[in-house]
Amino acid sequence: MDKRALSRRAAVCRIWAILLLAICLLGGCTAGSSPSEGQQEGEKPVVSIMAPLHFPHSPKQELIREIEKLTNTKLEIEWVSDGIYTDKMNTALTTNSMKKVTYVKYTDYLLLKSAVRSGSFWEIGPYLGQYPNLKQLNKEILRQSAVDGKVYGLYTERPSSRQGIIIREDWLENLQLDKPGTIQELYEVMRRFTYDDPDRNGKQDTVGLTDRNDLVFGAFKTLSSYFGTPNNWTIAGNQLIPEFETKAYMDTMNFVKRLYEEKIINRDFAVTSKEVQRDQLIRGTAGVYIGSMTDVQRLSDEAKAMNPKARFTLVNRIQGPEGYRVWSIPNYSALYLFSKKAIKTEEELKAILAFFDRTMDKDVANLMRYGVQDVHYKLENGKVVLPEETSQLRASEVNGFYALMIADLSNPNVLEIAKSTALSGLADQLVEDNESFIVKDPMVNVESKTYDEKSIELFKIISDATYNYMLGHLDEAGFRQEIAKWKRSGGKQVMEEYAEAYFRNNN
């Protein structure tokens, strides 16, 4: 090529560069902008998500890329360990650095309603009818999660209550104990697991119960169900009574205080993370775990990897003063909310909603739920078989996706399981059995703006008081003083607002 040709080519390049710069300036684009700042990567919408990780490993990258391919998106998923998820989510909210889509636990959502009302998140209700799967979402669950009648979140569907007890079955056999069926029998199992050398190693190096710093999804709220505590609130005549003012709540605190004083529970339970709690059960330093029964399979798998003799079983029926009872949540355990700061336009919101709609289709939903056919599961007569020999592989490569699945229990595109491993099958059976004696929160569909504004402060007052009582730092009179402080801090107004709305709705 001669010099004149080179010169002409250079001139053309300069002209194109100037034109491109002008277009960028007119269009408002900036150097160094990234897809996650609201732009598209090629033709693919970028979907940034913050989600909890309930497993030691995040899902396999190859599977994420396959989901990207099927949904025609670029996924930027920040997996956050479940034990620190709430803190990380709150930090993102307060620093105005949320992802486009954020998983918000049911218990945290109750504390976020002020942010919802202030306009931090998109209202998505008006758009759902535009999508073949999203328009089929359960109207009652959407209503349960609405704020002032408006829908802001896509829900992760869960049974009413998965709560129960995971116990070392081999320890029961070593001590010739039956499964507990009453509160006293549960106490006796935990006491003997602490003092009678259940692992037969000749050392007193075990505790009966491992717990964590969570009064809701840890052991406390499930134990309080057994004692007859209402689920957050109870109605007495024309009055509303919070759970912590009931005798049953005090009985539960006294029970845990006794476990603490007799060293039957881990000494640092008030500050223990979920990871450490799980690790104590897996390593065989504790024999009882009270929480979600559906955790049993992965806990068993990890325990067997360390000690092949470790065996677990489940109990969901513990008889208390009022018979069988277990607290329940609404039929959503979390919501995905859509940040207005991160999602700049209605078109971008629609593209992200289209991604979630696509995840409910048969190919994507079953990939997220079960993995790859003939690798993670088998298909027999149109039903899924989950071989025990691939359970570890599913745990390390697939199971983390479960947090991303919306409305999966009622999604007809999710394949039915033909048979599961013994523990998973037992957990499913007992979760279903829980439905016959669940205790509902009567305020699920009732709103109090004062509670939405002050819930974090109010919850902390009672949470701190409950732990301090169980640790022996407060007596009953001191605990009652903290309830009075709760009422002065806005609790009394919350009670009045809830009562007014409840009786108005039920008359």
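The preceding data block contains the structure.
From a predicted model like this one, the values you see are computed outputs, not experimental measurements.

Comments concerning the sheet that holds strand β2 (residues 74-81)
One open sheet accounts for five strands, arranged β2-β1-β3-β12-β4; its pairing is mixed. Because the sheet does not close on itself, it has two edges, and the strands there are β2 and β4 (154-157). On average, adjacent strands in this sheet sit at an angle of 25° to one another, irrespective of strand direction. Strand direction decides the pairing type here: strand β1 (residues 46-53) and β2, joined by eight bridges, are parallel. Within the sheet, the bridge partner assigned to valine 46 lies in β2 and is lysine 74. In this fold helix α12 (residues 346-359) packs onto β1, β2, β3 (101-105), β4 and β12 (332-338), with an angle of close to 150° to the strand it touches most, β12.

Quick notes on unusual backbone geometry
Of note in the backbone geometry, aspartate 197 takes a positive phi value of approximately 50° without being a glycine. Within the secondary structure layout, aspartate 197 lies in the loop between α7 (183-195) and β6 (207-210).

Digging into the packing of aromatic side chains
Summed over the entire model, instances satisfying the criterion amount to 24 aromatic pairs. Ring-pair connections join several aromatic residues into one group, and the members of that group are Phe220, Trp233, Phe244, Tyr249, Tyr451, Tyr469, Phe479, Trp486 and Tyr498. The ring of phenylalanine 55 carries arginine 298 above its face, with NZ or CZ at 4.2 Å from the centroid.

Side note on the pairing of strand β8 (residues 239-242)
The alternating pattern of β8 places Leu240 and Pro242 on a buried face and Gln239 and Ile241 on a face that is not buried. When strand β7 (residues 233-236) meets β8, the two strands line up antiparallel, connected through four bridges. The residue bridging threonine 234 from the neighbouring strand is isoleucine 241, located in β8. Here β7 hands over to β8 after two residues, with glycine 237 in that stretch at a positive phi of 65°.

Things to note about the packing of helix α2 (residues 61-71) against helix α13 (residues 362-370)
At a minimum axis separation of 10 Å, α2 and α13 run at an interaxial angle of 165°. When the axis of α2 is compared with that of α13, the two are roughly antiparallel. Pair α2 / α13 crosses with left-handed handedness. Of α13, the residues touching α2 (which contributes Leu63, Glu66, Ile67, Leu70 and Thr71) are Asp363, Val364, Leu367 and Met368.

Some remarks on the pattern of salt bridges
Applying the stated criterion to the full structure yields 35 salt bridges. Among the salt bridges present, the one from lysine 487 reaches glutamate 245, with a minimum N-O distance of 3.1 Å. With a gap of 242 residues between them, lysine 487 in helix α17 (residues 476-505) and glutamate 245 in the loop between β8 and α9 (247-261) connect regions that are remote in the sequence. Lysine 487 gets classed as partly exposed once you look at its relative accessible area, which sits at 28%. Here arginine 298 and aspartate 295 are joined by a salt bridge, their closest N and O atoms 2.9 Å apart. We note that arginine 298, like aspartate 295, is buried.

Quick look at the sheet that holds strand β9 (residues 286-292)
The sheet built from four strands is open, its strands ordered β6-β9-β5-β10 with mixed pairing. The strands lining the two open edges of the sheet, one partner per strand, are β6 and β10 (312-315). Across the sheet, the axes of successive neighbouring strands diverge by a mean angle of 25°, strand direction being ignored. As defined by bridge partners, strand β5 (residues 163-168) adjoins β10 across four bridges and the pair is classed as antiparallel. What sits directly across from isoleucine 165, in β10, is valine 315. Strands β5, β6, β9 and β10 of the sheet are contacted by helix α10 (residues 274-282), whose axis makes an angle of about 135° with β9.

Quick look at the nonpolar core
Most often, soluble globular proteins keep nonpolar side chains buried together rather than apart. One finds Leu154, Phe338 and Phe356 to be the most contacted residues of the largest nonpolar core, which totals 72 residues. With six residues, the single largest contributor to this core is β12. One finds Tyr226, Val256, Tyr469 and Met495 within the second-largest nonpolar core, a separate group that totals 58 residues.

Structural notes on helix α15 (residues 422-434)
Relative to the 18 Å expected for 13 residues at 1.5 Å per residue, α15 spans 18 Å between its end C-alpha atoms, a close match to the ideal helical length. Buried residues of α15: Leu423, Ala427, Leu430, Val431 and Asn434, and no others. End-on view of α15: buried residues confined to an arc of 105°, all on one side of the axis. Looking at α15, the residues exposed on the side facing more than 90 degrees away from the buried face are Ala422, Gln429 and Glu432. Contacts made by the buried residues of α15 are with β5, α11 (296-306), β10, β11 (326-327) and β16 (438-439).

What counts and what doesn't
- Residues numbered from 1 in each chain as written.
- Predicted model: local features only at pLDDT ≥ 70, side-chain atom pairs only at ≥ 80, totals over all residues.
- Heavy atoms only, no water.
- Pairing = 2+ DSSP bridges.
- Helix = DSSP H or I, 4+ residues; strand = E, 2+ residues; numbered from the N terminus.
- Axes fitted to C-alpha atoms, helices over the stretch in contact; angles between N-to-C directions.
- Contact = heavy atoms within 4.5 Å.
- Phe/Tyr/Trp six-rings, centres within 6.5 Å; stacked < 30°, edge-to-face > 60°.
- Lys NZ or Arg CZ within 6 Å of the ring centre and 35° of its normal.
- Buried < 20%, exposed > 50% of the residue type's maximum accessible area, 1.4 Å probe, protein only.
- Parallel < 35°, antiparallel > 145°, perpendicular 65-115°, else oblique.
- Left-handed = near helix turned anticlockwise from the far one by under 90°.
- Salt bridge = Lys/Arg side-chain N within 4 Å of Asp/Glu carboxyl O.
- Core = buried A, V, L, I, M, F, W, Y, C linked by side-chain atoms within 4.5 Å.
- Expected span 1.5 Å × (residues − 1).
- Arc of directions from axis to C-beta.

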